[in-house]
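# Overview (structure and organization)
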Amino acid sequence: MSPAPHVLPRRNLLKLAGGVVSAGALLGVSGCGLLGGSQNSSGNGQVEKARIKVGVLPVNDLAPLHLAVRNGYFRDEGLEVEVATAPDGTAALNSTIGGDYDITYSSYVPFFQAQASGVADLKIVADCSAAAPNTTVIMTAPDSGVRTPEDLADAKIAISGPNTISELLVKATMKAHNVDFSGVEWAPIPFINMPNALQQGQVDAAILTEPFLTKASRSGAAIPVVDTATGPLEDLPLTGYGATAQFCEENPKTVAAFQRAMDRAVTEAQDRSKIEPLLPEFAKIDPETASIINLLKFNSKADVNRLQRVPRLMKDLGYIDKDIDVASMIVQPDQN
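Nothing here was measured: the structure is a model prediction, and the numbers come from that model.

What counts and what doesn't
Residues numbered from 1 in each chain as written. Predicted model: local features only at pLDDT ≥ 70, side-chain atom pairs only at ≥ 80, totals over all residues. Heavy atoms only, no water. Buried < 20%, exposed > 50% of the residue type's maximum accessible area, 1.4 Å probe, protein only. Helix = DSSP H or I, 4+ residues; strand = E, 2+ residues; numbered from the N terminus. Contact = heavy atoms within 4.5 Å. Pairing = 2+ DSSP bridges.

### Focus on helix H7 (residues 212-219)
The complete set of buried residues in H7 reads Phe212, Leu213, Thr214 and Ala216. Where the residues of H7 are buried, they touch strand S5 (136-140), helix H6 (194-199) and strand S8 (205-209). Count one or two residues on from H7 and you reach Gly220, which has phi positive near 85°.

This is the structure we're talking about:
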């Protein structure tokens, strides 16, 4: 990101972006430790910064990152990675803009909002996850009157927060079913509290993510209305890793090393048995739930055609007021 944003107090940066979201694609918050290795890089020459801090949230789609740490893939690239859990997504992105984190995980909504508003000059270092069936579903209580997408018009719907990826998915899904969402009452509620809110009749519907989706379904607290990862939202990119343009320009070999390690981890993570044992530790999921939840689609290489779908959708729904050139934001992998 450009030096200009550093002039402002860090806590105010994202306020200028119009309430940039809870950045984690979708879940809550928790703690992690210092993980990683050191020494020789397998890349072309030594990295500029051997120790980097990566901002995260405790979410399922970060499984490849934790796999890369656990298996020493960053160490093999000459990197020591500190996985730092932020209190929320906004704090994580603020810390990256302010220079406390070198790279951060986020949903793409705050990345593109911050870029469009001029709050920061951001780069996409790597892709992370995309929508997959039965991972982000609009749910309702079994005894509610909501059964179809049409029933969501004028309903009270729980989302993780305003201007978040969860709100974007609900609005886009309703629009895809020709349902007007202008009369919806949006209720910001943490994902972990959404099943209880449904049971108590505090909301008519809620967009649930894993592991809360599986837990609510198994307990009978909620039933599905519509899967958001269908139709025009199928395989929609949801989350990625970003950094400031300044960091990327000053540390190209470091970024390339991070990308290589993530490519390796994502390839291995396609085998569920490699990552499922890690979920209870970093995502705070009990082993039984970890064995049955649906996982998002893991990615590492940022594809411009796929990622361009997100700001296009955001502009269409009024989240940003100008086009974003995604190609200019992607840090292309080092071919050497």
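### Notes on the environment of Asn163
Note on placement: Asn163 falls in the loop between strand S6 (156-159) and helix H5 (165-176). For Asn163, a relative accessible area of 24% translates into the label partly exposed. In this structure, the C-alpha to C-alpha distance between Asn163 and Gln113, residues 50 residues apart in sequence, is 9.2 Å.

### Considerations on helix H3 (residues 89-98)
Judged by how many residues are buried, H3 sits mostly within the fold: 7 of 10 residues are covered. Considered for burial, the residues of H3 that qualify are Gly89, Ala92, Leu93, Asn94, Ser95, Thr96 and Ile97. In this structure, the buried residues of H3 make contact with strand S3 (103-107), helix H4 (108-117), strand S4 (122-130) and strand S10 (237-244). Positioned one or two residues after H3, Gly99 has a phi angle of 100°, which is positive.

### Points about the pairing of S4
Extensive coverage of S4 is indicated by the burial of 9 of its 9 residues. Direction of pairing for S4 relative to S10: antiparallel, over a ladder of 7 bridges. Bridge pairing links Ala130 to Pro237 in S10. Bridge count between S4 and strand S11 (residues 297-298): 2 bridges; the pairing is antiparallel. In the strand pairing of S11, Ala130 is matched with Lys297.

### Observations regarding the sheet that holds strand S1 (residues 51-56)
A sheet is described by the order of its strands in space; here 6 strands give the open sequence S2-S1-S3-S10-S4-S11, paired in mixed fashion. A strand with exactly one partner marks an edge of an open sheet, and here the two such strands are strand S2 (80-85) and S11. As defined by bridge partners, S1 adjoins S2 across 6 bridges and the pair is classed as parallel. The residue bridging Arg51 from the neighbouring strand is Glu80, located in S2.

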